[in-house]
Amino acid sequence: DLRAKNTVMIIFSLIFYAWGEPVYLLLLIAMAFADWLLAQYIGSKPYRSFGARFGLVAACVVNLGLLAVFKYGTFFAENTHALFGFPAVIPSIALPIGISFYTFQLLSYVVDVYRGEVPPQRSFKILLLYVSLFHQCIAGPIVRYKDVENELMQRSSSVREISQGVSRFTVGLAKKALLANICGQLADTLLLSDAAAAGADAVTVLMGRPALSLWLGVLAFTLQIYLDFSAYSDMAIGMGLMIGFHYKENFDYPYTSHTVAEFWRRWHMSLGSFFRDYVYIPLGGNRKGKRRTYVNMFVVWLLTGFWHGASWNFMLWGLYFFLFLVLERAFLKEKLEALPAIVSRIYLLAVVYFGWIL
């Protein structure tokens, strides 16, 4: 009975999430409930009417407002304090696990209901299952409701797909445990551990490192960040296959790319497609002239950097890639295509390598 399977999956997904942060389980459930109600409201109004737009705006305020409080509240308070002297006490707000991922999933659901691409889900249990699935709730990929709508309510798994899922999960687990963790330990040794990086003497520690140590440390981090993140996606895709869910690929060998634009079509593809479909295209995409296209790209990459972390260096990281994407679009694309493949790949790896330093 699929209803029984869904109930079991919800229970164990919520237990899995609560294992790390029991208090913020309530936040996950509350956000899902708010979006369930707002999607019902939007679906009851005429297509793209004022009422439907009001519901969409309310959903954006709820989701992005809570994300801003929990992920960026301390960052904003620190900067406001530095500039204006208030607040006197900077709040320390814990970051709920996976909030960046499940917020975007809920937003994509409500926006797709508003656009008429999916009907509002009548069962809160099904929507809660969608947003809390333990395979991908805390580390992606960002799964859109419309991609798994049918499988939430009608799915099956064959022996062949279970076998494929086990193999994919095993590859991801090995990639994480045997490769990513080793690269991470090497990066910590050659650069800074997270604990040392948080200390006031971090710059002093780095100044004392040999130059070769820094170069090799960044290389180790370059490998770690890919192996780590793609391993999570491999495990999520594999576990999904075991029980009848088909998640889209999230990484496609990005380090073999020839340009920055190609790299971002292959790296964290679920995030890239989210910003494309829900930010870039609604802003006008490339349909309103060159200047407007660059403005839209600027907004997308500023938000992309800020989504990854609440600090200035993440915003600089996003704008760093924006700069190279603009250069490629305006001047470099044809030149890079004319170069031997090995040269364009070296160019891409150099850009990404220095980007990871940020």
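Look up: the structure comes first, before these words.
Bear in mind that the values here come from a model prediction, so they are computed numbers and not experimental data. (Residues numbered from 1 in each chain as written. Predicted model: local features only at pLDDT ≥ 70, side-chain atom pairs only at ≥ 80, totals over all residues. Heavy atoms only, no water.)

(A) Region of the structure containing the overall build of the chain. The helix and strand inventory of the chain stands at 15 helices and zero strands. Considering only C-alpha atoms, the chain reaches an extent of 60 × 50 × 50 Å along its principal axes. Within the chain, the proportion of its 358 residues that are buried is 48%. In the chain, the share of contacts with a sequence separation of at least 24, taken over all contacts with a separation of at least 6, comes to 72%. As presented, the chain carries roughly 18,300 Å² of accessible surface, and 69% of it is formed by carbon and sulfur atoms. Where the 30 positive side-chain charges of the chain centre and where its 22 negative ones centre are 8 Å apart. (Helix = DSSP H or I, 4+ residues; strand = E, 2+ residues; numbered from the N terminus. Buried < 20%, exposed > 50% of the residue type's maximum accessible area, 1.4 Å probe, protein only. Contact = heavy atoms within 4.5 Å. Areas by Shrake-Rupley, 256 points an atom, 1.4 Å probe, with all protein chains shown as cover. Lys, Arg positive; Asp, Glu negative; His and termini not counted. Charge placed at Lys NZ, Arg CZ, Asp CG, Glu CD.)

(B) How the structure looks around helix α5 (residues 124–132). The element α5 is largely enclosed, with a buried count of seven among its nine residues. Regarding α5, the residues found buried are Ile-126, Leu-127, Leu-128, Leu-129, Tyr-130, Val-131 and Ser-132. Elements in contact with the buried residues of α5: α1 (2–20), α2 (22–44), α4 (99–114) and α6 (145–153).

(C) View of the layout of surface pockets. Its volume calculated, the second largest pocket comes out at about 1,000 Å³. For the second largest pocket, the lining is made up of 35 residues, of which Ala-261, Trp-264, Arg-265, Gly-272 and Arg-276 are closest to its centre. The set of elements that each furnish at least two residues to the lining of the second largest pocket consists of α6, α11 (260–266), α12 (269–283), α13 (290–308) and α14 (312–338). In terms of residue count, α12 provides more of the lining of the second largest pocket than any other element does, nine residues in total. The class makeup of the residues in the lining of the second largest pocket is 15 nonpolar, seven polar and 13 charged. (1 Å grid on protein atoms, 1.4 Å probe; cavity = no way out; pocket = protein on both sides within 12 Å on 5 of 7 lines; lining within 4 Å. Points joined across faces, edges and corners; volume = space filled by probe spheres on them. Nonpolar A, V, L, I, M, F, W, Y, C, P; charged D, E, K, R; others polar.)

(D) Representation of unusual backbone geometry. Here the residue pair Phe-86 and Pro-87 is connected by a cis peptide bond, since its omega of 0 degrees sits within 30 degrees of zero. Position of Pro-87 relative to the elements: it lies in the loop between α3 (50–84) and α4. Positioned with a positive phi, Tyr-253 is a non-glycine residue whose angle comes to about 45 degrees. Structurally, Tyr-253 is set in the loop between α10 (211–242) and α11. For Tyr-253, a relative accessible area of 59% translates into the label exposed. The phi dihedral of His-268 is positive, around 45 degrees, even though this residue is not glycine. The topology assignment puts His-268 in the loop between α11 and α12. Residue His-268 is classed as buried on the basis of its relative accessible area of 1%.

(E) Main features of the nonpolar core. Counting residues in hydrophobic clusters, the biggest one holds 87 residues, and the most contacted among them are Tyr-102, Val-260 and Phe-321. Tallying contributions element by element places α4 first for this core, with 11 residues. Not counting the four nearest positions on each side in its chain, Phe-321 is found in contact with Val-260, Trp-264, Trp-301, Val-351 and Val-352. (Core = buried A, V, L, I, M, F, W, Y, C linked by side-chain atoms within 4.5 Å.)

(F) Expanded view of the pattern of salt bridges. Scanning all chains against the criterion turns up 10 salt bridges. Note that Arg-168 and Glu-249 form a salt bridge whose closest N and O atoms lie 2.7 Å from each other. Separated by 81 residues along the polypeptide, Arg-168 in helix α7 (residues 159–190) and Glu-249 in the loop between α10 and α11 bring together distant segments of the chain. Ionic pairing is found between Asp-228 and Lys-176, a salt bridge with its closest N-O pair at 2.6 Å. Pair noted here: Asp-228 is in helix α10 and Lys-176 is in helix α7, with a separation of 52 residues, a long-range link. (Salt bridge = Lys/Arg side-chain N within 4 Å of Asp/Glu carboxyl O.)

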